[in-house]
Amino acid sequence: PSVGGTDGVSILGMWECAGLPSLSRCIILVPRFTISEIEGLIEPMADLGETVEQGQLLARIWPKDRTGVDPVEYYAKRTGILAGRHFPGLVKMGDCIAVVGVKS
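The paragraphs below set out a description of the structure included in this document. Sequence order as written defines residue numbering, which begins from 1 separately in each chain. Given that the model is predicted, a residue must reach a pLDDT of at least 70 before its local features are reported, and side-chain atom pairs must reach 80 or more before they are shown or counted; all residues, however, enter totals for whole chains, interfaces and linings. As a rule here, side-chain values come from all non-hydrogen atoms in the structure, and water together with hydrogens is ignored.

To continue, consider the pattern of salt bridges. Put simply, a salt bridge is a Lys or Arg side-chain nitrogen that is within 4 Å of an Asp or Glu carboxyl oxygen. Overall, the coordinates contain four salt bridges when judged by the stated rule. When the shortest N-O distance is used, the salt bridge between Glu 39 and Lys 64 registers 3.4 Å. Pair noted here: Glu 39 is in the loop between β1 (29-35) and β2 (40-44) and Lys 64 is in the loop between β4 (57-63) and β5 (72-75), with a separation of 25 residues, a long-range link. The rule is simple: take the accessible area with a 1.4 Å probe, protein chains only, and divide by the maximum for that residue type; under 20% is buried, over 50% is exposed, in between is partly exposed. Look at Glu 39 and you get partly exposed, because its relative accessible area is 35%. We classify Lys 64 as exposed; its relative accessible area is 55%. Residue Asp 47 is joined to Arg 85 by a salt bridge in which the shortest nitrogen-to-oxygen separation is 3.8 Å. On the criterion of sequence distance, the pair formed by Asp 47 in the loop between β2 and β3 (51-52) and Arg 85 in strand β6 (residues 80-85) is long-range, its members being 38 residues apart. The exposure class of Arg 85 is partly exposed, given its relative accessible area of 36%. It is possible to trace a salt-bridge network through shared partners that takes in Glu 43, Arg 60 and Glu 73. Comment: elements are numbered from the N terminus, with helices defined as DSSP H or I runs of at least four residues and strands as E runs of at least two.

This is the structure we're talking about:
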């Protein structure tokens, strides 16, 4: 892959289409990262490759240091495809918990 872009947002970059027929089109994903603000156990609410709508629940993080506390919920900031999510179940503050990309 070649990383970069002129829009300053294409962190994921473009995948080169070398060796593909000339009629093929490449998919460029412009990602939107969702970062955890707490430590805890993640409960994914969407599957990889699933189309998600802006405002859709992506994940819940349950605090690991207290029981009986409501989870922190994370929602999609844009409509797109869930291109990545955190694995395995324990999340630390600052971990990327979801990546939503769009075709451009």
